[in-house]
Amino acid sequence: MRLVILGAGAIGGAIAAHLARAGRDVLLLARGAQLAAIRAHGLRLERPDGAHVTRPAVADPREPVAWRTDDVLAVALKTQDVAGALADLAPPPHVPIACFTNGLEAERIALRHAREVYGAAVLMPATYLVPGVVQVWAAPVPGLFDLGRYPDGAGELADELAGELAVAGFDCAVRTTVMKWKRGKLISNLANGAEALCGPAARGAPLLDRARAEARAVFAAAHLSCTSDAEDAARRSGFTMQPIAGASRGGGSTWQSLARGHRDLETDYLNGEIALLARVHGVPAPINEALQRIAAEAARAGVAPGSMPRDELSARVQES
C-alpha cells in the first residue's frame, strides 16, 4: 500500500513524516512554500522526544500523479478545501479515499470522486506554522486514529491502512461505526472557534459546555449516535500532550488558521454542522449558530488569534 497524502499541513505533514521515518511508501502532495521547503531541506518533524528530518516523496498536486493499483488517497485538509482540492486532483474512481478530517462532510464529498471511502477520527495535537516544519505534541504515541468504511462497516482496506499507520507509531482502531466516532470528535471540536478567538483556556468555559450539550441534543433529534464522554475518556487514556524543547504551542487547527491569516474557517463544518442538523430536524442550536457566525466574522476581519476576551465572546453569543 502507498499512501498518497493530499494536504501537507499539521496532520498530513505529520502522518507523512512518521511514515517516511518508518520506511513506508508515501507520497505527500504539497503546494507553495511548504512544497519548496520540503524539496530543499526535507520535512522536519519536531516531537517531545526530539527532532528528525524526514524526506518523504513529495509532489505538486497540480501536476499529474502516476496512480498505482495499491494507492490510497489520504485527505488531510480543512473540510472547506476538500471539494476544490479533489476536483483539481481528479483521482480515478478506483482509488480509495480516506478522510483524516474534522467534521462530517468530507466523506460525502469524497464519495463523489471514489467508489470506496473511509473516515478517520483524528486525535493528534499537531502544529504547522513554518514551511518545512511540523510539530507533534505527544509521545511516544503521536496520535490516535479511529477509522472505518463510510458510511459504516470496516471495509476491505481498513485493517491494512491501520497496519501502515501502526508501523509508523500511531494507535489505530478499526471501527465498523466510524461516523459515531467522528461525531464524538466533532463535539470536542465545537470549542475550536472559541479557542482560536480567545485562547486555549476558552475550551473549558461554561459557554462551550452549553454548545456541546446542544450538539448532543441535536444528534439525538437526528437519531445519530455519537461516542459518550466515557468512551472518549477511555480512548484517550494514557495519551497526553507533552512539551517540545524550545517551542510553545499556541492552539489547535482553527487557531493556526487564524494565525496564518486564513479568511475562511473550518467552524462552518463544526459548529455549522450542528446548526445545519438543527434546522433540518427542527430543534434549536443558538449557541453553535452564534459561534459559527462570530468566528467567520473574525476571520474575514483578520482578527489575531487569542485577541478576543472571553467575556466579549460570551456577551456576543448572548446578544445573538
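The coordinates are above.
Owing to the predicted nature of the structure, the values given are computational and were not obtained by experimental measurement.

Novice: Please give an account of the pattern of salt bridges that cites residues and values.
Specialist: All told, the structure shown has 19 salt bridges when counted by the stated rule. Glu195 is the salt-bridge partner of Arg203, the closest N and O atoms lying 3.6 Å from each other. Each of Asp146, Asp171, Arg175 and Arg235 takes part in one network of salt bridges that share partners.

Novice: Can you break down the sheet that holds strand E7 (residues 97-99) residue by residue, with the values?
Specialist: As summarised here, the arrangement of the 8 strands in space is E5-E2-E1-E6-E7-E8-E11-E12, forming an open sheet in which the pairing is mixed. Unpaired on one side and paired on the other, strand E5 (57-59) and strand E12 (171-174) mark the two borders of the sheet. Adjacent strand axes in the sheet meet at a mean angle of 25 degrees, parallel and antiparallel pairs treated alike. Inspection of the sheet shows strand E6 (residues 71-75) paired to E7 by 3 bridges, in the parallel sense. Bridged to Val75 within E7 is Cys99. Across the sheet, helix H9 (residues 229-236) lies against strand E8 (117-123), strand E11 (144-149) and E12, angled at about 120 degrees from E11, the strand it touches most.

Novice: Quick rundown of the sheet that holds strand E4 (residues 50-54)? Include the residues and the values.
Specialist: Spatial ordering of the open sheet is given by E4-E3-E10-E9, a layout of 4 strands whose pairing is mixed. In this open sheet, the two edge strands, each paired with only one partner strand, are E4 and strand E9 (126-127). Inspection of the sheet shows E9 paired to strand E10 (residues 133-136) by 2 bridges, in the antiparallel sense. Bridging across to E10, Thr127 finds its partner in Gln135. Strands strand E3 (43-47), E4, E9 and E10 of the sheet are contacted by helix H1 (residues 10-21), whose axis makes an angle of about 95 degrees with E3.

Calculation criteria
Residues numbered from 1 in each chain as written. Predicted model: local features only at pLDDT ≥ 70, side-chain atom pairs only at ≥ 80, totals over all residues. Heavy atoms only, no water. Salt bridge = Lys/Arg side-chain N within 4 Å of Asp/Glu carboxyl O. Pairing = 2+ DSSP bridges. Helix = DSSP H or I, 4+ residues; strand = E, 2+ residues; numbered from the N terminus. Axes fitted to C-alpha atoms, helices over the stretch in contact; angles between N-to-C directions. Contact = heavy atoms within 4.5 Å.

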